[in-house]
Amino acid sequence: MRLGANQPRIGTFNERVVINALRRGSALSQTELAEVTGLAIPTVAGIVKQLAARGMVRVAGTRPVRQGRPRTLLALEPEARFALGIHLDPTQVSITLLDLAGNARSTQMEVGALAGDPTEVVDRIAAMCAQVIDASGAEPARVVGAGLASPGPIDLVEGVLVDPPWLPGWTGFPVRDALSASLKMDVLFEKDTLAAVTGETWLRIDDDSDRTVMFVYLGMGIGLGFSAGGEAFRGSSGNAGEIGNLFRAPWMDGEVGSGATAAADSAAADGAGVSRVDPAHMVRVALDRGILGHGGSRIDTSGGPLTNLAALDAAFADLCTQALSGNEGAQDILREAGAQVGSAVALLSDILDVDEVVCGGPYWERVRPWYLDPITRAVAAPRAGGVPHTTSVSSSVMGASAGAIGAAAMVLDERYVPRASMLAARG
């Protein structure tokens, strides 16, 4: 069946083209907007008039020209619209309010907020969102929606988490609809890895939109986000990027044999949901080797998964601090994990043929001293059949709030970025 142009949507598409041009560039005149967007000047003038009437565009001075009157410069008004971003991390809830320019106007975090009955937690999150909006000084009416990011796997149709390893009490709970009802606004629900790569693309407004980006997300687990042409890839179910199984495979040890057996035994002790580069595994190894001292009273190491998240988070922070202080045993654990992550990232960057690898997430700053160089070296190393171009490696511009900022960026991206699919209609 052929796809044809959906004429009623052309106006909305063109408006988004103008908004995106103003968001990505400095102040522009209507003539310059016509040049960069390819739209006719009368079309641009009509769109600008409508945007100005809604308070989304403001005059930002003038620019002299050789002949005639100076050109009036236009700029996007960052405070015209806002979006809430909510990240359900196993150890904490993070909420931020993002404006059109990508500025985080207010942020709030609560450690251990997901403990307890999900219905009560949702009400608490809604109260936190109201506090974030109030602290920012933004008019509530200008908040166009909320983005919700959580660990995977998720069910996008039902708006629920599907057996998340670190949030067992949330399995099947209708978190998207419950939060939407509590906030009284639309909620866009996605995986945190997809939110992160969307946020990275939104904030790096000067980058070439044709670049392909792979976001390596490091939290209680490891995940992947991928975008091409400025648009995130979700996969058929919205769960693209579940790469934890890579770090449970014996070949990741580099030496198949005794190392594979030891790794398999260790993975079995940690439980099926834990890979060898997860903090839970590294903490268990550190406890077994005596690096973290006696932690049995806080973390159950008798077998099975480590489930005390607050204690696990504190223990992993301690491990990273000891490594920075020169503890060779702690350094060895983090170096081993960094080497495995580097090998996997190099392989995936070849498979996906990306321009840039971006590393981020709640735990990135903790592990960066032990991960960044191995990842960079592995990606740069020549490989048989490797891709014929250079792939850069960098840290996220979003810091530890990648999930929340990315969740808010998802809302703005959906509302204000032009996509070719908008112009297609079946029939």
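1. A word on the environment of valine 216
On the secondary structure map, valine 216 appears in strand β11 (residues 212–218). Separated by 180 residues in the primary sequence, valine 216 and serine 396 place their C-alpha atoms 9.4 Å from one another. Setting aside its immediate chain neighbours within four residues, valine 216 contacts Ile222, Gly223, Val345, Val357, Val358, Cys359 and Gly360.

2. Re helix α4 (residues 118–136)
In this model, α4 (19 residues) spans 27 Å end to end at C-alpha, consistent with the 27 Å of a helix rising 1.5 Å per residue. Inspection of α4 places Pro118, Val121, Val122, Ile125, Ala126, Met128, Cys129, Val132, Ile133 and Ser136 among the buried residues, and these make up the whole buried set. Summarising the axial view, the buried residues of α4 lie within an arc of 165 degrees, below the 170-degree limit, and thus occupy one face. Away from its buried face, by an angle of more than 90 degrees, α4 presents the exposed residues Glu120, Asp134 and Ala135. Elements that come into contact with the buried residues of α4 comprise β4 (82–89), β5 (92–99), β6 (104–111), β7 (143–150) and α5 (175–183). Where α4 starts, the residue carrying a side-chain oxygen 3.0 Å from the main-chain nitrogen of threonine 119 turns out to be aspartate 117. Positive backbone phi, at 80 degrees, marks glycine 137, one or two positions downstream of α4.

3. Points about the sheet that holds β4
Taken in spatial order, the five strands of this open sheet run β6-β5-β4-β7-β10, and their pairing is mixed. Among the strands making up the open sheet, the edge pair consists of β6 and β10 (187–191). In this sheet, neighbouring strand axes are inclined to one another by 15 degrees on average, regardless of whether the strands run parallel or antiparallel. As paired strands, β5 and β6 are joined by seven bridges and run antiparallel to one another. Following the sheet pairing, leucine 98 is matched in β6 by alanine 104. Each of β4, β5, β7 and β10 touches helix α12 (residues 402–416); the most contacted strand, β4, lies at about 140 degrees to it.

4. A look at the side chain of serine 136
Topologically, serine 136 is positioned in helix α4. Excluding anything up to four places from it in sequence, serine 136 contacts Leu97, Arg105 and Ser106.

5. Points about the nonpolar core
Core analysis: the biggest nonpolar cluster contains 47 residues, and Leu33, Phe215 and Leu412 have the highest contact counts within it. If you list the elements that add at least two residues to this core, you get α1 (10–24), α2 (30–37), α3 (41–53), β3 (71–76), β7, α6 (192–203), β11 and α12. The greatest single-element share of this core, amounting to nine residues, is contributed by α12. Excluding residues within four positions of it along the chain, leucine 412 makes contact with Phe82, Ala83, Leu98, Asp99, Leu100, Val144, Trp202 and Val417. Among the nonpolar cores identified, the runner-up in size contains 44 residues, and Met282, Ala315, Leu334 and Ala344 belong to it.

6. Things to note about the confidence of the model for the chain
The pLDDT averaged across the chain works out to 85; a share of 85% of its residues lies at or above 70. For residues 254–272, every residue scores under 50 in pLDDT, and the model assigns this stretch 19 contacts once sequence neighbours within four places are set aside.

7. Re the packing of aromatic side chains
Geometrically, a pair of aromatic rings is defined through the distance of the ring centres and the angle of the planes. Going through the model one piece at a time under the given rule, you end up with three aromatic pairs. Where tryptophan 170 meets phenylalanine 173, the ring centres are 5.6 Å apart and the plane angle is 85 degrees; that geometry is what we call edge-to-face. Accessibility classification places tryptophan 170 together with phenylalanine 173 in one group, the buried group. Seen in terms of ring centroids, phenylalanine 215 and tyrosine 217 are 6.4 Å apart; in terms of plane orientation they differ by 40 degrees. Their pairing is tilted. No difference in accessibility class separates phenylalanine 215 from tyrosine 217, as the two residues are buried. The cationic tip of arginine 23 hangs over the ring face of tryptophan 202; the distance from NZ or CZ to the ring centre is 3.6 Å.

8. Here's the deal with the side chain of threonine 96
Its location among the elements puts threonine 96 in strand β5. For threonine 96, the side chain forms a polar contact with the main-chain oxygen of serine 106, separated by 3.2 Å. Within the structure, the side chain of threonine 96 is placed 3.0 Å from the side chain of threonine 107, a separation counted as a polar contact. Residues contacting threonine 96, with those up to four places away along its chain left out, are Ala83, Leu84, Gly85, Ala104, Ser106, Thr107, Val132, Ala404 and Ile405.

9. Examining the pattern of salt bridges
Overall, the coordinates contain 17 salt bridges when judged by the stated rule. Its salt-bridge partner being aspartate 413, residue arginine 419 comes within 2.9 Å of it at the nearest N-O pair. No difference in accessibility class separates arginine 419 from aspartate 413, as the two residues are buried. What you see here is one network of salt bridges that share partners, running through Glu200, Arg204, Arg211 and Glu356.

Rules behind the numbers
Residues numbered from 1 in each chain as written. Predicted model: local features only at pLDDT ≥ 70, side-chain atom pairs only at ≥ 80, totals over all residues. Heavy atoms only, no water. Helix = DSSP H or I, 4+ residues; strand = E, 2+ residues; numbered from the N terminus. Contact = heavy atoms within 4.5 Å. Expected span 1.5 Å × (residues − 1). Buried < 20%, exposed > 50% of the residue type's maximum accessible area, 1.4 Å probe, protein only. Arc of directions from axis to C-beta. Polar contact = N/O pair within 3.5 Å; in protein donor to acceptor, adjacent residues only side chain to side chain. Pairing = 2+ DSSP bridges. Axes fitted to C-alpha atoms, helices over the stretch in contact; angles between N-to-C directions. Core = buried A, V, L, I, M, F, W, Y, C linked by side-chain atoms within 4.5 Å. pLDDT = per-residue confidence, 0-100. Phe/Tyr/Trp six-rings, centres within 6.5 Å; stacked < 30°, edge-to-face > 60°. Lys NZ or Arg CZ within 6 Å of the ring centre and 35° of its normal. Salt bridge = Lys/Arg side-chain N within 4 Å of Asp/Glu carboxyl O.

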